[in-house]
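So you can see what is in the structure, the chains are spelled out below.
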Amino acid sequence: MLFRSRSFHPKAYLFDHGDGDGRAYVGSANLSRSGLSAGVEWTWSIRSTDLGHPMDELFGEFDALFESRYSTVISPSWIDQYEARRQPRTESDVEQSSTDVAPPEPRPVQLLALAELARLRSDGERRAMVIAATGLGKTWLAAFDARGFDKVLFIAHRDELLRQAERAFSAVHPDKSTGFAIGEQLDLDCDLVFGTVQTLSRPRALEDPRLASFDYVVIDEFHHAAAPSYATLLDRLRPQFLLGLTATPYRGDNRDLYALCDGNVAYKIQLFEAIAL
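Just so it is clear, the model here is predicted, and its values are computed rather than measured.

Turning next to unusual backbone geometry. The backbone of glutamate 221 shows a phi angle near 50 degrees, a positive value even though the residue is not glycine. Mapped onto the elements, glutamate 221 comes out in the loop between β10 (216-219) and α10 (228-236). In this structure, aspartate 262 is a non-glycine residue whose phi angle is positive, near 55 degrees. Within the secondary structure, aspartate 262 is located in the loop between β11 (241-246) and β12 (265-269). Judged by relative accessible area, aspartate 262 falls into the partly exposed class, the value being 46%.

This is the structure:
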């Protein structure tokens, strides 16, 4: 069913037992402007034994939507008509749309952190940590802060984090080459390299002179950096600046994470603080 007048996003399971009894499971509302205002967004869990006549109201609302003049039953013939009129995007369309997208720009919370990172560097500091809740764009912050540096090394302990970081950095630095240091792959000649600590802490990587060529190093999930696997790696790196990213600076073994960033916390913000900005 289509509902062309406004956004349409209800998800509901309605069980009518035929004897006046029943139950409904309704939910999955979006926290969006439309979802909180004019859009059709249901979030409801009721039983026929609840006070009033909630099932009657629910079935009545369903019937009103289903019989609406804006609704269309999606049938095999409708799908055939849709396929006939649909214009698939070609590869050239995709390439063109990618060039039309405006380059990403920092959010307000990221601008504050970037300003503090720049101040620390102007004061001669070479290491800093940013503490920010999950979802506040720490990886994007690092990508923005890396502007002006020639070679960047992004270190994490999971491949998935590296793949996500590569997409963010490539968007901010479209003219730079990218590579990975994962498993047997060791692309240390690239401008932007994304490597696991497991690979970079092996003798093959540690003995490679190219490891000292990176002038900007990012350590994601920085609270792991106090582990022994990072110690030897950090000794081989010679960056102009090292940035640690974490949602929490605390470790269960009480190792001093702040010492690894020379005591510099460039910025600290939690989720609700960011929402208020």
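Quick look at the sheet that holds β11 now. Strands sit in the order β8-β9-β7-β10-β11-β6-β12 across an open sheet of 7 strands; the sheet is parallel. Looking at the sheet topology across the chains shown, the edges are occupied by β8 (178-181) and β12. Across this sheet, the average inter-strand angle for adjacent strands is 15 degrees, counted without regard to direction. Contacts from helix α5 (residues 108-122) reach β6 (127-132), β10, β11 and β12, with the element oriented near 165 degrees to β12. Across the sheet, helix α7 (residues 159-172) touches β7 (152-156), β8, β9 (192-196) and β10, and the angle it forms with β9 is around 170 degrees.

Attention shifts here to the pairing of β7. Working note: regular strand, side chains alternate between the two faces of the sheet. Most of β7 is tucked away, with 5 of its 5 residues classed as buried. Sheet topology places β7 next to β10; 4 bridges connect them, and they run parallel. The partner of isoleucine 155 across the bridge, within β10, is isoleucine 219.

So, about the nonpolar core. In this structure, Val130, Phe154, Phe169, Phe194, Tyr216 and Leu243 are the most contacted members of the largest nonpolar core, which totals 36 residues. Once residues within four sequence positions are removed from consideration, leucine 243 is found in contact with Leu117, Ala128, Val130, Ala142, Asp145, Tyr216, Val217, Val218 and Ile219. With 29 residues, the next largest nonpolar core counts Val193, Phe214, Ile219 and Leu233 among its residues.

As a further point, take the packing of helix α6 (residues 138-145) against α7. Packing of α6 against α7 brings their axes to within 9 Å, and their N-to-C directions diverge by 40 degrees. Crossing angle aside, the handedness with which α6 passes α7 is right-handed. Judged by residue contacts, Thr139, Trp140, Ala142, Ala143 and Phe144 of α6 engage Ala165, Ala168, Phe169, Ala171 and Val172 from α7. Looking at the contact of α6 with α7 residue by residue, the classes come out as 9 nonpolar, 1 polar and no charged.

Reading the values: rules and limits
- Residues numbered from 1 in each chain as written.
- Predicted model: local features only at pLDDT ≥ 70, side-chain atom pairs only at ≥ 80, totals over all residues.
- Heavy atoms only, no water.
- Helix = DSSP H or I, 4+ residues; strand = E, 2+ residues; numbered from the N terminus.
- Buried < 20%, exposed > 50% of the residue type's maximum accessible area, 1.4 Å probe, protein only.
- Pairing = 2+ DSSP bridges.
- Axes fitted to C-alpha atoms, helices over the stretch in contact; angles between N-to-C directions.
- Contact = heavy atoms within 4.5 Å.
- Core = buried A, V, L, I, M, F, W, Y, C linked by side-chain atoms within 4.5 Å.
- Left-handed = near helix turned anticlockwise from the far one by under 90°.
- Nonpolar A, V, L, I, M, F, W, Y, C, P; charged D, E, K, R; others polar.

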